[in-house]
Amino acid sequence: MTWCLRWLLIAAACAWPQFVLAAPPTLAAAAPAAKLPAARLDGNYFMRDGRRFLVVGAHWVPAKAAMQWPLQWDPQDIEADFAQMQRMGFNTVRLDLMWAWFEPRPGDYNPEAFAQFDALLALAHKYHIYLHPSLFVGGEVGEAYWDVPWRMGRNPQSDPEMLRLETNQAQEFGRRYAHETAILAWDLTDEPPFWIAPGTTDAMAVNWTRLIGGGLRKYDQLHPIVAGVSTQDMEHGPFRPDTIAADVDFFSVHPYTIYTPDLFPDPMVAERSTYGAAFETTLSRDAGRPVMVQEMGASSAQYSPENIVAFDQVSLYSALGAGANGFLLWCYTDAAPEQYRKVPYLRSPHETQFGLTTWDRQMRPQGLAFQAFSKIVAHMDLDGLAVPPADAAIIIPEEWSRTHGDFSRFGLKGPEVTPYVSVAEGGAVNGQEPTPYDGNQWVMSSTLSAFILAHRAGLKPSLPREASDWERFPLLLLPSPLTATDPVFVHLHTDFWERARAYVNGGGVLYASLAANGAIPEMSLLFGARMTDTVIASEVTLKIVKPLGSLKAGDRFHFTLPGSAAKYWGTGLQVSDGEVIAVDQDNRPALIAHRYGKGRTLLSAYPLEAWLGSQPAAFEGNELNYRLYRALREWSGVRALVSTDQASVEASALTAKDRGYFVLANHSPASLRTHVDSTLPARDVRQLGEDASVAVAVERGGWSVTLPPHSGAVLEFRMAPQ
């Protein structure tokens, strides 16, 4: 969410005295003796009083006052919200600290704003709900942005004077609240880059995060720091996790798949869409920090409450299994009807009904569903719990994760007679306008396709970066365009293939798909085949001619190409010592298996994942393409840590030394009876409920569970002695 509209706060700054309250706000005069204990990060999760807990709650925008609540301060109404949130089981609420209200003039802080924040902190202690404040907010709803009246067109993320003032304000918050235990963590701002200042570069994002975080850290060593980014990860924004990782303590994701149609060309409640939260969580976690789902939801002005519940439920369990450490949904309440008549709601009707409750605090279906989820996960014992290593990896290219302008891994050592200047690097080195990252949709949609196919095949994929230690994974998945040539930013580096040969030679298994623009040096050694020339097609049928895993000779797979371009066309293959597993409709080699040293490779002559990534509703109905990945898993000998016999039921594990949890997510619109298998020595399996747990009977060496449509389950287990 994000927003515009400055007139009210400009008026407030110009006529300041009329907005000062007659007396300091006193929201929680009867605060309890037992205050909230300090919270901190411990491994992947937050901890208080020596015990880990899962963050659950929502973002708070009051129904009646909306973003004008500092100026329409209503102590009784605000406290009623906190009481309702406590009844709903919240332990955390995210909220906005309006920049112009706290700093009406450059460097001049409004004492009334801090008095209000102090009153909210008192409420937090009274109702035992942590505050997760977001700094420098100028909006939060629709297209509105409530600007500081003294910005004068300057970019807050690049102008030196703006950066100085922002750093000073961060220091002021750190100084005042360094020891305040009711604060869970600082959010540097909501959804940067600011909409009012386009053109934020990687360098600007790094510098801004470093300065503002450093301002807080000057006095405050207690509270973790995050930047509340929205789809910056999937869309290759400047605030993506890889650029800011060094200066934050955890990451956030805002998985609004309905607002990312280039990657999710589906209905909201579709299999690909309901994997969005887990995909973003995994993508960010593999940049090296814990991850919180900080906003998620949909509006009943656009979608039925039943579909919102379905999307929320499966997304919550899916992200939980991926390792998310908290869930703060958007948002606590609907807007009151009087807000409909004025901006931003006047121009953003969809924003009026995102709430877990109605504007008059009645529970909505999505609120009841979230309350039930909160009760179930409250029974989880997170102490010592960790996300175990994945059993497959999809490599994220170095060029995707690299901070634009960083040449540290370009292979150049020492001085050069003639300096290297990249024609693709643009403004980062040449002082020109920043060069856009070309090809992100291609990379991310293909990676997302592979991620979903792997899950449907019973694998738990990770998304490690190209420069990381990906050799620890037993199976690598390289969907095109990772094997492409152009644009330069989308493919793996040339020296990757030397590492890949050593990896396979040592026993690893590698799968890759090609397109007409692919290029792999010395590929015959690794794949037992080489490229010949472009194969132009609009439809492709693959026919299995030799068994592979559970695939049998005669099995067929049909694909329709989403476009006419080299990145969608296939390639001819000249086979040397590889084995043809499948041919296309013209009897050309389409799948080639090969043994290399102690390992194996499987090569596709067509970019299957890129096709699926650009095809609407590609994973719905009787989609069977995951069988290719399942056969790859079986052929490779990789045994999943936990899997099910239903392709639409995702299974994940969270483990401690002597116990753990299986987390199941049903991405299907049908109720499914699924059988759960695991290589872990699990016993005494029980399904957690809202009030109690129920034993799960052992069946065929595993456990069977029935999952309603678009739902999930948490199964608790103990480890058998080894």
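Below is a summary of the structure that appears in this document.

Rules of the game
Sequence order sets the numbering: in each chain, residues are counted from 1 along the sequence as written. With pLDDT at 70 or above as the cut-off, local features in this predicted model cover only qualifying residues; side-chain atom pairs require 80 or more to be listed or tallied, and sums for whole chains, interfaces and linings still use all residues. Hydrogens are left out, water is left out, and the side-chain values use all remaining heavy atoms of the structure. Residues grouped as a nonpolar core are buried Ala, Val, Leu, Ile, Met, Phe, Trp, Tyr and Cys residues, joined through side-chain atoms within 4.5 Å. Categorising residues by exposure relies on relative accessible area from a 1.4 Å probe, with only protein chains included: less than 20% of the type maximum marks a residue as buried, more than 50% marks it as exposed, and the intermediate range marks it as partly exposed. By the convention used here, residues are in contact when the closest approach between their heavy atoms is within 4.5 Å. Here a Phe, Tyr or Trp ring, Trp counted by its six-membered ring, pairs with any other such ring whose centre lies within 6.5 Å, and the pair is stacked when the planes are under 30 degrees apart, edge-to-face when over 60, and tilted otherwise. By definition, any uninterrupted DSSP run of H or I lasting at least four residues is a helix, any uninterrupted run of E lasting at least two residues is a strand, and each is numbered from the N terminus. Put simply, a charge is over a ring when the Lys NZ or the Arg CZ is close to the ring centre, within 6 Å, and near the line of the ring normal, within 35 degrees. Note on pairing: two strands pair once DSSP finds at least 2 bridges between them. Look down the strands so they point away from you; if going from the first strand over the helix to the second traces a clockwise path, that crossover is right-handed. Whenever a carboxyl oxygen of Asp or Glu lies within 4 Å of a side-chain nitrogen of Lys or Arg, that contact is scored as a salt bridge. An axis is simply a line fitted to the C-alpha atoms; with a helix, the fit covers only the stretch in contact. Between two such axes, the angle follows the N-to-C directions and lies from 0 to 180 degrees. An angle counts as roughly parallel when it lies under 35 degrees, as roughly antiparallel when it exceeds 145, as roughly perpendicular when it falls between 65 and 115, and as oblique in every other case. Note on convention: near helix rotated counterclockwise from far helix by under a right angle means a left-handed crossing. Clockwise means right-handed. Note that Gly is not counted as nonpolar here; it falls among the polar residues with everything else outside the nonpolar set of Ala, Val, Leu, Ile, Met, Phe, Trp, Tyr, Cys and Pro and the charged set of Asp, Glu, Lys and Arg. The term polar contact refers here to a pair of N or O atoms within 3.5 Å; inside protein, the definition further demands a hydrogen-donor-capable atom paired with an acceptor-capable atom, and it admits residues adjacent in sequence only when both atoms are side-chain atoms.

A short note on the nonpolar core
Note on soluble globular proteins: their nonpolar side chains tend to be buried together. Counting 128 residues, the largest nonpolar core has Phe82, Leu120, Phe173, Phe327 and Met380 as its most contacted members. Other than its neighbours up to four places away in sequence, Phe82 contacts Val93, Leu120, Leu123, Ala124, Tyr127, Ile129 and Leu131. In terms of nonpolar packing, the next biggest core, distinct from the first, is built from 94 residues, Ala322, Phe559, Tyr568 and Trp635 among them.

Comments concerning the packing of aromatic side chains
Applying the stated rule across the entire model yields 38 aromatic pairs. Arranged with centres 5.9 Å apart and planes meeting at 85 degrees, the rings of Trp99 and Trp150 form a pair that is edge-to-face. Placement of Trp99 in helix H3 (residues 99-102) and of Trp150 in the loop between strand S6 (130-137) and helix H5 (160-177) is noted, with a sequence separation of 51 residues between them. For the pair shown, Trp99 and Trp150 are each scored as buried. Note that Arg176 overlies the ring of Phe114, its terminal NZ or CZ placed 3.7 Å from the centroid. Over the aromatic face of Trp400 sits the side chain of Arg240, whose NZ or CZ is 5.9 Å from the ring centroid.

So, the pairing of strand S4 (residues 55-59)
Among the five residues that make up S4, five are buried, leaving the element largely enclosed by the rest of the structure. With four bridges connecting them, S4 and strand S11 (residues 326-329) associate as parallel partners. Across the sheet, the residue bridging to Val55 is Gly326, located in S11. On the question of chirality, the crossover connecting S4 to the parallel strand S5 (residues 92-98) by way of helix H2 (residues 75-87) is right-handed.

A closer look at the pattern of salt bridges
For the structure on display, the rule yields 37 salt bridges. Salt bridges sharing partners connect three or more residues here, namely Arg51, Asp381, Asp383, Asp658 and Arg659.

Some words on the packing of H2 against helix H4 (residues 111-127)
The geometry of H2 relative to H4 is characterised by a closest axis approach of 10 Å and an angle of 30 degrees between their N-to-C directions. Classified by the angle between their axes, H2 and H4 sit roughly parallel to one another. Regarding H2 and H4, the two cross each other, and that crossing is right-handed. Counted together, Ile78, Glu79, Phe82, Ala83 and Gln86 of H2 and Leu120, Leu123, Ala124, Lys126 and Tyr127 of H4 form the full contact between these two elements. Residue composition of the contact of H2 with H4, by class: seven nonpolar, one polar and two charged.

Some words on unusual backbone geometry
Of note, the bond from Ser480 into Pro481 is cis; its omega dihedral lies within 30 degrees of zero at 25 degrees. Tracing the chain through its elements places Pro481 in the loop between strand S14 (475-478) and helix H14 (496-505). Here the amide bond leading from Asp486 into Pro487 is cis, since omega sits at 0 degrees, within 30 degrees of zero. Tracing the backbone shows Pro487 in the loop between S14 and H14. Backbone geometry places Glu191, a non-glycine residue, at a positive phi of 50 degrees. Mapped onto the elements of the fold, Glu191 is located in the loop between strand S7 (186-190) and helix H6 (202-217).

Some points on the environment of Ser671
Along the chain, the position of Ser671 falls in the loop between strand S25 (659-666) and strand S26 (672-678). For the pair Ser671 and Pro708, spaced 37 residues apart in sequence, the C-alpha separation works out to 4.3 Å. In this structure Ser671 touches Thr706, Leu707, Pro708 and Pro709, once residues within four positions along its chain are discounted. In this structure the side chain of Ser671 is engaged in a polar contact, spanning 3.4 Å, whose partner is the backbone oxygen of Leu707.

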